[in-house]
Structures are given as structure tokens and as C-alpha cells.
Amino acid sequence: MEAAVFILSLVDCCALIFLAVYFVITLSDLECDYINARACCSKLNRWVVPELVGQALATVLMLVSLHWFVFLLNLPVASWNMYRVWKVPMGNMGVFDPTEIHNRGQLKSHMKESMIKLGFHLLCFFIYLYSMILALIND
Amino acid sequence: MLGLWVFVFTVETFSNQSVPLCSHSVSVKEQHALNPGPSQNPVALQPPGPGYMAHQTPYNPMQAKGPMPPGPGLYNSGPYQPVPPVSSNQALPGQPMLKRPPMGPQHSMTPPQSASPNPGSRIPPAHATPPPVSANNYQHAPAWQYGGTPPMGAPPPMAMPPLRPAGNHMTSSPSLATPQASSAEYRATPPVFHNAMQPLCPPTSLQGYTQQGHMPTPGNGAQVPNSFDHLEMGPKMAGPLPPQQPSPPTRHMGLSYPSLPPGYQNTSAPPNAATMQHPVQPSTQPYSHPQPYQQPSAGPAQLSPSLSGLSLQSQTPEALRVVNLLQERNLLPLGPVTPPTPCLPQDLQKINCHPEVFRSTLTSIPQTQSLLNKAKLPLGLLLHPFKDLSQLPVVTSSTIVRCRSCRTYINPFVTFLDQRRWKCNLCYRVNDVPEEFMYNPVSRSYGEPHKRPEVQNATLEFIAPSEYMLRPPQPAVYLIVLDVSHNAVETGYLDVVCQSLLENINALPGDSRTKIGFITFDSTIHFYNLQEGLSQPQMLIVSDIEDIFLPTPDSLLVNLNECKELVQDLLRSLPQMFGKTMETQCALGPALQAAFKLLSATGGRVSVFQTQLPSLGVGALKSREDPNQRASAKDIQHLSPATDFYKKLALDCSGQQVAVDLFLLSSQYCDLASLGCISRYSAGSVYYYPSYHQQHNPAGVECFQKDLKRYLTRKIGFEAVMRIRCSKGLSIHTFHGNFFVRSTDLLSLPNVNPDAGFAVQMSIEENLVDMQSVSFQAALLYTSSKGERRIRVHTMCLPVVNSLSDIFAGADVQAITCLLASMAVDRSVTASLSDARDAMTNASIDSLTSFRTSVLTIQQPGLLAPACLRLFPLYILALLKQKAFRTGTSTRLDDRVYAMCQLKYQPLAYVMLMIHPALYRVDDLTDEGALNVSERTIPQPRVQQLSVEKLSRDGAFLMDAGSVIYLWIGRNCNPNFLTQVLGLPNYAAVPLNMNMLPELDTAESQRTRAFVGWLREQRPFFPILHVIRDESPLKASFLQNMIEDRTESALSYYEFLLHIQQQVSK
């Protein structure tokens, strides 16, 4: 059972890592002028909700399997994801707004955020991996 | 060289090219006679003056760019082609053009007289004066005659003495020329001239340059002898007025204001000058101390020490003169506030971009971001790239030379390493000079790439070859979208629009390919088939607004020339067609979608006229404003759009090169915050006429008519993009204005118009340690209405400094205020209005704190500010009381949002009037110090402080607030003024809604009308004149502009200063 939870989280985590890498790549494409802001934002906005769901799934899994530490580790990230979707102003086209992404250093902060998330997911990946192996051995 | 201009320049507005031709060649000879050659030029050989050098290492990169001697021959072959006098300026006859913008810096760009700054040794004074010399030996000069030259109607040939621009300050310049010709003569100058010259001194710590700016003196530090054979201080520099040009003494300082108490006369009488005085000891109480004003008259004495390299420690430049704001009451300059002059070597500064086009908040760029952070001043640029210029060098060349790595256009600030290589001033890459560029068509000589016009002009235009086209240049396409619901018909605006279109149909910019189309909408969308061959226009109604389609895609947009009859028919019948309509709904969203579909194949301009909140279909909006909360609400809600529909559509439009201009004529809330997005992101413009009604608001109708005329006939650029590049190490992080930022430095502008301003904020990413200067280049690529692809390039060069005091000395208070205003608009939308207000107050507190702690060595009591920032707290207070940011006063949400749009979109000169209106006393206008503009005499009253205490009951005061002008009549106003100017027997007879000055045949009336007319000519929109008296309903809005006074909800200026002082000395 324990192992199943972690295998599932591991898969989820892999998906999130891929997503984070995709965010970083797309944003740096924009930074380097390979794609325009409109295309970049519509690409990214599409994945904002899946990312939120993936993160929420991992969090909930940890909660139901009563792994408090990992749950608390995931909780801030999950709530941040929700907060940022929730606080999008009515007139904006999503978390990434093509008209504003070049203003006030937003591109940089999005980039930073994606990098941090990537790091976080990598960390989680190893935690899940370790826990999974531990669980398998214990079985 | 001179011959070149004949070919290269397109004199846009004039009709007769032959005249300039001959005058050009004449002056070529003059030039040759006058200038024996660089080697003989004693000035050029002078060792660099220590004034500059002492502080900075030699200015290498730039020296190369020294002014060159005129080429020997006329240019008449080579890659340059005569450019037809098209377009750049579509000033139509009869169309009032932008004269010199109001707060505009100066005459610097106004040429001819400017010859004066030249050292006498180069051009004998006698020659310095005649306009023709400067006019052609330096193209720059004429290039800047803002609109003055073509005095509506047939413009006179350019190169003639009338060149002396219509611009204003020119009257007195000729007299200036002589005194300036040599420093010896300068000494002899009577004090009057000193006054005039004071504004010259650029605020800078590098005094060597400061002085050189206006006083031609030998020892120009920039000139390093022998650095290259071909670099000489050529005489040709004579022409252009460097921006340091004095603002000619249009007024006699001190004379006309005898009422000032003597103590004030010292400090305030020459406020204009006060800003930029000669250096004064930092801590010698500057106020109420006659010293500063005597010093100028001791000009020469002052001059020589500064040239010999006095360092900062011993003297402070005028810009840093400490002003105690709490004591010095009258800080306003007499005339316009002038921008500071960057302390660049004189030869570079001469060719630098004009501040009206390109302006930086800090004219000295800090070396590091941490230094910038310490100064607490925003770093940014304000641009007005498509400004109407009456003359502009236009280059036709098969190859446009650009840096191979950063794609910068070659410009006057690049360095030629040798004859074959040039070093980019933005990325420092060394590039080859293409073979073609080696040939100098001016002199028909080979190997003088540095003399090409590209390297001689900071502002010029290229005719772009086909590499710059993604598709064939689009024709001019105009689509008019009209609201014809009941509410719209009620306001009666249709008549005005149709009438204006009928009158201006031949003046619409375009060529034989111009297309036009019409859409009207209420709850359905109506298209008009204007296909050639029809006997009358055919209306096609589409009632399926959920899924809009084009009924006959081919015949809705028609060629204007071929179908003019039908179009005129339609315009004549349109106002009647909907007279009886009972349809109150309005489907703006679907109409815009239809417009987008119609234009997406070609691109073009959509002009939308809307009179109410859209209520049907996509994009329908709901009223969000609660009128009862206007004054009381602690924070203003609903400044951001309610839906993303308009933004998305605008981005779609932007992608297809369609711009949407919105005219909002309404009496109730229309949610401009949402609707405005359609224009904001498609690079359109927004016009808002609150309470528009044909009968009830005749002033609004007149304003609308005038604006519409300007709108229809002004120059337009299609499918444009603008890229702003800056030197390595700097980066742009925020953009303000109407456009879509497509990639990091590329602005997509489906349309560009001459009334649009832009601003950008910058940060310093890498330390600029080894650099003497940095450059900024704005390149605007557009399709003219004649179907030509053109690139307008502006380049500005600014020095890099490493001390806080130098940064403060170069601060441009107006630019800072405008940039802060734009930032505050963003802040109030993303955060809240109170946040934005706090941020603005903090900006002034922080910068003054920084000045106090880091620059001042001796602490004094009071609120101390450098002279260059002495207006900063006043402007901040003015911003806090501006419609956009004020609280506590009932302000309609749309008015507020419109004010915000304007702050971001208008060029600096107009924004400044919106922020800080100018108040003049007009009942005693005299011709003293008046300007002469195209045969008219324009009196120049002095600018008064915006305080009720300045109003007197026995006077009449004119307040110029940018888009509106108030004429306030005091209760005991001089009866002479009432009868002679207003044509009224007494005060009681002043009507409550008077918007016109009667044309009376009296001197007073003529003066007043000339003055009002002159103010109006300086801006592209039409300010309405309201004559008001105590009982007038508009008195409240007049008094709200009295920003130095206390209101129930806002501090007075003095209280505000005390508040700042309290915070600063914490």
C-alpha cells in the first residue's frame, strides 16, 4: 500500500518535473525572442491548471497516507498554485498575461518561480524514490 | 556636404524645392570661404581643456565623431536619391500643426540664430547670424522646426530666412548671436543677456562642459588633437543649436514685475534662470542672497575658473545649488521648464537627439544599479518618436548599415576605428564599413564614412529596401464603426462625424490605394456595400451577433478614390437614416469582431464611436460604478478591466496590423477601463468626451470637431514596430504607452500616430564601469500612408557617472514626474490607488533624503533640494491632486481612468500641463517680451503659482490645463478688459457658459486671442476655453487646479513640504 502511494507520487512528480522544465524552456524562449509573448502565454496558461491539479494530487496523497512531513512540504506549493490562479485579475488572460509579461520584471519572476519549482520537484522526486524503496524493502 | 542635404533631406512640408537648392549652394560657398580648414582652426588644436578632462578620462569613443568640415562639392550622384517631398509630415494646409510644444525645452532645435554658439574664431559673428548659413550647413537645425515653418497654408520655402522658425523664442536670438560670438564680447554683454543665458547652463558637475554648452570658448575638452586625421572641429557645427541654447530673453526679467517685494526679486524674478545658475558655493545661503544673480554678470570671471577645471569640491553646478523649499516660495521659472543638458562633449551634445523626442529621467546614467538605487530616482526614457517634424533628413540607400550582432543602426555616436571599421556604441562589436558606405556622396570622395548623413544626424529616416517588408506595404485602410443606437442618435454626434469626414475626405492620408469602409451597429450590425457601379449605398444588416460574418466580403471596403461619390452619399444620408430609431441596445463587441474580420486581410485603422455601455453579445459590460461612493470610498475599485474580451481582441487586431481608436461620447458610465483595452493593446488612441450632447454641450461639440479634424488628417504610419535598444549593461524592464510588447524590446504598433508618447523604465544589469557614455536607439519601422516602408531612427547618447551628486545634477524633474505618473497608474491598477499615492509621496521623500544624506556635506535646517529637483515636491503634489489619483473629491470613474490613459499615452509636454497647469494673468498683457510668430505678436505673460492668493479680484487669469483652458474673471476686473476683450459691459454680463473670445478690433482683444491661439497651436488636441466667474459651475474645477492650496481632502503645498521634511529628517 505504502509503496503504491509512493509509486503514484513518483509518477506525478515526474510529470510535474517535465512541466516545470517545459515552463522554463518556454519562458527562456520568450526571453531570447524565439517566440512572441502571445504564443508563449497561451502555451503556458494551458498548463497552469494541470500543474495545479498534479501538485494538489501529490499533496492529497500524502495527506491520506498520513505522511505529515511530506504533506507539509507540499502544502505551501499547492496553496501558492491555487492562490496565483485565484488572484488573476478579471481582465487578464490567465496567470501569464502577454500584455504584462514584459513589464515590471514579470518574466524574470516567472522564470525564478519555475526554477524554484523545478528544484522542489526534484527534491520531492528523491524523497518519493527513497520512501518508495524503503517501503518496498519493508514489505 | 551641403549639397547633400538638398538631396537627402526631404523637406516635408514645402512645395518648392528649388529655392532651398540655391540657397544651399550659396551657403556652401560661404562656408568654404569662412573655413579655411580644420588645421587652421585654432580652436580645434587647443589641447583639451582640463575642465572636462580633469574629471573624466578622454572621451575616446566619441572623439571620432567630431564635426567635420564641409565637403568640397555638391553632391549629385551616388546612392542617395532625391526623395520626393512626401509624407513625413502630413501637415495639411490649413491644419494647425504642432508648433513648439508648450513646455518644450527650447528653441534649441530651432536653428538659424543658433549659429551663435560657435566661437567667433570659426565664424565671424556677421555670418553667424544669417539663418541660411546654419540652415544648410547643418541639417539638424532645420530638422527641428516644429511646425512653425509651414504657417498654415502655403508654406514658404524652407531655406529662406523665414526659417527662423515660427517657433517662439526666436525673436530675440539675433541679438544674442553677437554677444555670444566670442567670450570677449560676452563680457561686454549687458545684463539683459545674462538673464537670457542663464538657462543655458546645463546642470552638471563637469563645468568645463557646462560652460561650453553656451559659451563658445576654446579649450573644448572633447577635442583631442590628432586622434584621427579626418576629425576636425569643423565649422559646420555652426548651424545647429545645441540644446544648451539659451532660451532667448522673451521677457525682461525683473522688469515687468515690480510688485514683487525686493527680497523675492532676487530669488524669484529670474526663476527660469534660477534653475540653472552659475555655480554657487554649495552652502552659501542661496536664497534671498543677491549673489547668485550677480554672478552671471560676472560671467567671464566665472567662466575662466570653470574652464580651468574647477572640481566639484570647490564649486557646485547650478543644478545642485541647494534650495530650501520651505523658504523659497516662488520656484517656478518664468517660462517653460527646460530639460537639463547632458554633460557630453560639446560636439556630441550638438548632434544629440532632441529632448522633445527622446528624453531620459537622468541625463547622467549611474554606473551601477546600486548607485541608482541609492539615488532613489527612477531611470527611464520618454519618447515621442513619431512627432511631427517639419524637416527630417531622409536617406535612401540600398544598404542600411547596421551592427552585425545587435542590429543597431549606424549613428553619430559610433566610433570609427579606422576607415574600414566601426565600433558599435551599443554592443561594442567591431563591424566592417561596407564598400558603399565608404563613398561619400557629399564630397564625391571616397573614404569618408564618418561624413555620411547617417553619422551626422541623431534623428533621421531611411527609406527601407525590400528586406524590411514581410509583405508588400499595405495601403491606408480606414474603417469607421458608428454606434447608431437611440442614445447615440440622441447626442447628435453622427452629424459631426459625417460632416467632418465629408470635409476631410480628400485630406485623409493615403494614396490611390486608400480604402474605406463603414459599419454601424445597434442591436444588429449594419454593413454598407459601396461597390463601384451601385447607384446608392446598400445597407446589409446582420442580426446574428453571436456568430458574426461578413455578408459580402469584397465590397465592404472600397477604394476611396473610385467610390468617392458613393461614400459621400452615404455620409450625407447616414445622420438621417437612424433619426427615428428606438433601438436602445448596443452590440459593440460583435461590431468590433466584424471590424476585425473586415480588416484582418490588410490591416488598417478602425475608428469606433461609442456612446454607451455595450449591452449585447460578447463584450457586454455592466455598470460597476456607484456614484455615491465617488468621494467617500477609501479606495477606488474597478480601475482594471472587467473582461478580457477587449484585450484578447486587441491582441488579435495587433497580430493583423489593425489598430482601434476609440471615441467615447457619453453622459453616463461607460467602463472605459474595460473598453480602453481595445485601443491600449492595439496601439490606438482613446478620446473621451464626457457629457457630449449637440445642444447641451456646444463646447464639447467644438472640441470633438477639432479633435476629429486633427485625427482624420494627421500623419499615420501603418504596420509599425518599434525597437528600443540600449547599450550593453542596460535593460528595459517596463513599458508604458499604447502598444503590445511582442518580445523583450519590440513594440508592436499596428498604427503609429504623431501624438503618441511612450515611456520605458530601465535597470542597470551590468556595471557600466569602463564606459564614458551609453546610447539609446529607438527605431520605428512603419509603412507611410503612401505605401513606403520607412525607418525613423533616433539615437541619444548620455554620459555615465559614478557619483551621486552627478546623478542628481543630471536629474530631469519633468521626465521623472511623467515616468512616476506612468508607474503610479500601473500601481493603482495592479495594487490600489492609495498604494500608488503613497509610492509617489515616498519617491519624493526618498530622493530628497538621499540627496540630504549622500550629497550634502553641510547639513542645514529646512527641506533641502537640489535646484534641478526643486519642483519635484510640487509636481508630486500636483499628481496627487490630479484627476487620476485624487481622492476625497468626487471624480467619475471614467474621468479618472481617462486621465490615467492620458498620463501613459501623451507625450511629456502635454502631460506636464495636465499635471501642473500654467496660470497667467491676462488683463494686463503687453507686447513687452512678446514673441513674433509668423507676423503675429504673441504676448508672453509670466507663469504664476497655482494658488488662489495669486488671483486678484481686479484681474483676469488664464489657466492652461492642457486639454482645457479657463479664463477666470475677477469680480472687480478692469472694465477695460471686459469691454475690450470680452465685449461685455460689466462683470455681471459675463455669461455662465462662454466659450469664445469675441473677435474685437482692439489691441487687447488681439493680444489675448493671439495668446490663446498660440497656446492652442502648441498641442495636437483642441483645448476648450471656458470663461468663468464666481458663479460659474466650472469654478470648482478651476479651483481644483490650484494645487498649492489646501482642500478638504488634500494638503496645501506648504503642508506637503512640512510632511516631506518630517519624513526626510527622520
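Residues numbered from 1 in each chain as written. Chains lettered and ligands numbered in written order. Predicted model: local features only at pLDDT ≥ 70, side-chain atom pairs only at ≥ 80, totals over all residues. Heavy atoms only, no water.

Asks: Looking at this model, I keep getting lost on the overall build of chain B. Mind explaining?
Replies: When its secondary structure is counted, chain B shows 36 helices and 35 strands. Counting across all 1066 residues of chain B, residues that qualify as buried make up 69%. Sequence separation of at least 24 residues holds for 79% of the intrachain contacts in chain B that already meet a minimum separation of 6. Approximately 32,700 Å² of chain B is accessible, and the part contributed by carbon and sulfur atoms is 53%. (Helix = DSSP H or I, 4+ residues; strand = E, 2+ residues; numbered from the N terminus. Buried < 20%, exposed > 50% of the residue type's maximum accessible area, 1.4 Å probe, protein only. Contact = heavy atoms within 4.5 Å. Areas by Shrake-Rupley, 256 points an atom, 1.4 Å probe, with all protein chains shown as cover.)

Asks: What's the story with helix H21 (residues 493-504) of chain B in this structure? I'm lost.
Replies: Side chains of residues three or four places apart in an α-helix project in the same direction, reflecting 3.6 residues per turn. All names here are of chain B. Helix length check: H21 (12 residues) gives 17 Å between terminal C-alpha atoms against 16 Å at 1.5 Å per residue, within 8%. Across the 12 residues of H21, 9 count as buried, placing the element largely inside the fold. When H21 is considered as a whole, its buried residues turn out to be Tyr-493, Leu-494, Val-496, Val-497, Cys-498, Ser-500, Leu-501, Leu-502 and Asn-504. (Expected span 1.5 Å × (residues − 1).)

Asks: Could you clarify how one ought to interpret the pairing of strand E15 (residues 525-529) of chain B in this entry?
Replies: Walk down a regular strand and you will see the side chains alternate between the two sheet faces. Residues and elements named next belong to chain B. Burial of E15 is extensive: 5 of the 5 residues sit out of reach of the surface. Covered by surrounding structure in E15 are Ile-525, Phe-527 and Asn-529 together with His-526 and Tyr-528, the residues of both alternating faces. Hairpin connection between strand E14 (residues 515-521) and E15: a loop of 3 residues separates the two successive antiparallel strands. (Pairing = 2+ DSSP bridges.)

Asks: Whenever I open this one, the UniProt feature "transmembrane region" (unreviewed entry) in chain A confuses me. Can you help?
Replies: Residue and element names in this part refer to chain A. In the numbering used here, UniProt assigns the feature "transmembrane region" (unreviewed entry) to residues 5-25, 52-75 and 118-137. Across residues 52-75 one finds 88% helix and 0% strand; the C-alpha atoms that close the span lie 12 Å apart. Spanning residues 118-137, this segment combines 100% helix with 0% strand, and its end C-alpha atoms are found 28 Å apart. (UniProt positions renumbered as here; feature names shortened; annotations may be inferred.)

Asks: For this particular structure, what's the right way to read the nonpolar core?
Replies: As a rule of thumb, nonpolar side chains are buried together in soluble globular proteins. Residues and elements named next belong to chain B. Judged by nonpolar contacts, the single largest core of 228 residues is most densely connected at Phe-776, Phe-885, Leu-958, Ile-969 and Leu-982. Broken down by element, this core gets its largest block of residues, 9 residues, from helix H28 (residues 813-830). Non-local contacts of Ile-969, meaning those with residues more than four positions away in its chain, are made with Gly-955, Ala-956, Phe-977, Leu-978, Leu-982, Tyr-987, Val-1027, Ile-1028 and Arg-1029. (Core = buried A, V, L, I, M, F, W, Y, C linked by side-chain atoms within 4.5 Å.)

Asks: Even after reading the chapter, I still don't get the confidence of the model for chain B, so can you show me in this structure?
Replies: Any segment with low pLDDT has predicted coordinates that should not be analysed in fine detail. Residue and element names in this part refer to chain B. Of all residues in chain B, 70% have pLDDT values of 70 or greater, and the mean over the chain is 72. In this model residues 1-314 is a low-confidence stretch, pLDDT under 50, and it forms 742 contacts with partners more than four residues away in sequence or in other chains. With pTM at 0.74, the complex prediction returns an ipTM value of 0.90. (pLDDT = per-residue confidence, 0-100.)

Asks: Explain the sheet that holds strand E22 (residues 730-736) of chain B to me, please; I cannot follow it from the model alone.
Replies: In sheet architecture, strand pairing relies on hydrogen bonds along the backbone and comes in two forms, parallel and antiparallel. All names here are of chain B. In spatial order, the strands read E3-E5-E25-E22; together these 4 strands make up an open sheet with antiparallel pairing. If you trace the sheet from one side to the other, it starts and ends with strand E3 (358-360) and E22, each paired once. Going across the sheet, the axis of each strand differs from the next one's by a mean of 25°, ignoring polarity. By the bridge criterion, 6 bridges tie E22 to strand E25 (residues 758-764) in an arrangement that is antiparallel. Among the inter-strand pairings, Ile-732 is bridged to a residue of E25, identified as Met-762. Here H28 sits on the sheet and contacts E3, strand E5 (380-383), E22 and E25; the angle it forms with E22, its principal contact strand, is near 65°. (Axes fitted to C-alpha atoms, helices over the stretch in contact; angles between N-to-C directions.)

Asks: What am I meant to see in the sheet that holds strand E7 (residues 415-418) of chain B here?
Replies: Residue and element names in this part refer to chain B. Within the open sheet, the 3 strands sit side by side as E7-E8-E9. Their pairing is antiparallel. The strands lining the two open edges of the sheet, one partner per strand, are E7 and strand E9 (430-432). Sheet twist, expressed as the average angle between the axes of neighbouring strands with direction ignored, equals 35°. The pairing of strand E8 (residues 421-423) with E9 spans 3 bridges and is antiparallel. Paired with Trp-422 across the two strands is Asn-431, which belongs to E9.

Asks: Would you take a moment to explain the interface of chain B and chain A for this structure?
Replies: Where interface size is given, it is often the accessible area lost as the parts come together that is meant. Tallying the contact residues gives 22 residues for chain B and 19 residues for chain A. Interface area lost by chain B to chain A is led by Lys-647, Phe-740 and Thr-744 of chain B, which between them contribute 24%. There are 5 salt bridges connecting chain B and chain A. For Glu-765 of chain B, the salt bridge is made with Lys-108 of chain A, and the minimal N-O distance between the two is 3.1 Å. The interface formed by chain B and chain A contains 12 residue pairs in polar contact (both at pLDDT 80 or more). Residue assignment for the side of chain B that touches chain A shows that the elements contributing at least two residues are helix H24 (645-655), E22, strand E23 (740-743) and H28 of chain B. Classifying every residue of the side of chain B that touches chain A gives 7 nonpolar, 6 polar and 9 charged. (Buried area = accessible area lost by both parts, 1.4 Å probe. Salt bridge = Lys/Arg side-chain N within 4 Å of Asp/Glu carboxyl O. Polar contact = N/O pair within 3.5 Å; in protein donor to acceptor, adjacent residues only side chain to side chain. Nonpolar A, V, L, I, M, F, W, Y, C, P; charged D, E, K, R; others polar.)

Asks: What should I look at first to understand the side chain of Ser-844 of chain B in this one?
Replies: Relative to the helices and strands, Ser-844 of chain B resides in helix H29 (residues 833-855). Dropping the residues within four chain positions of it, Ser-844 of chain B is found in contact with Phe-872, Ile-876, Phe-1056 and Ile-1060 of chain B.

Asks: Would you mind showing me how to read the packing of aromatic side chains here?
Replies: All names here are of chain B. Throughout the structure, instances matching the rule amount to 30 aromatic pairs over all chains. Note on Phe-609 and Phe-704: the rings are 6.2 Å apart at their centroids and 75° apart in plane angle, and the pair reads as edge-to-face. Pair noted here: Phe-609 is in strand E18 (residues 604-610) and Phe-704 is in helix H26 (residues 698-713), with a separation of 95 residues, a long-range link. By relative accessible area, which is 2% here, Phe-609 ends up buried. Assessed through its relative accessible area of 0%, Phe-704 is described here as buried. Relative to Phe-704, the ring of Tyr-692 lies with its centre 5.2 Å away and its plane at 75°, an arrangement referred to as edge-to-face. Pair noted here: Tyr-692 is in the loop between strand E20 (686-690) and H26 and Phe-704 is in helix H26, with a separation of 12 residues, a long-range link. (Phe/Tyr/Trp six-rings, centres within 6.5 Å; stacked < 30°, edge-to-face > 60°.)

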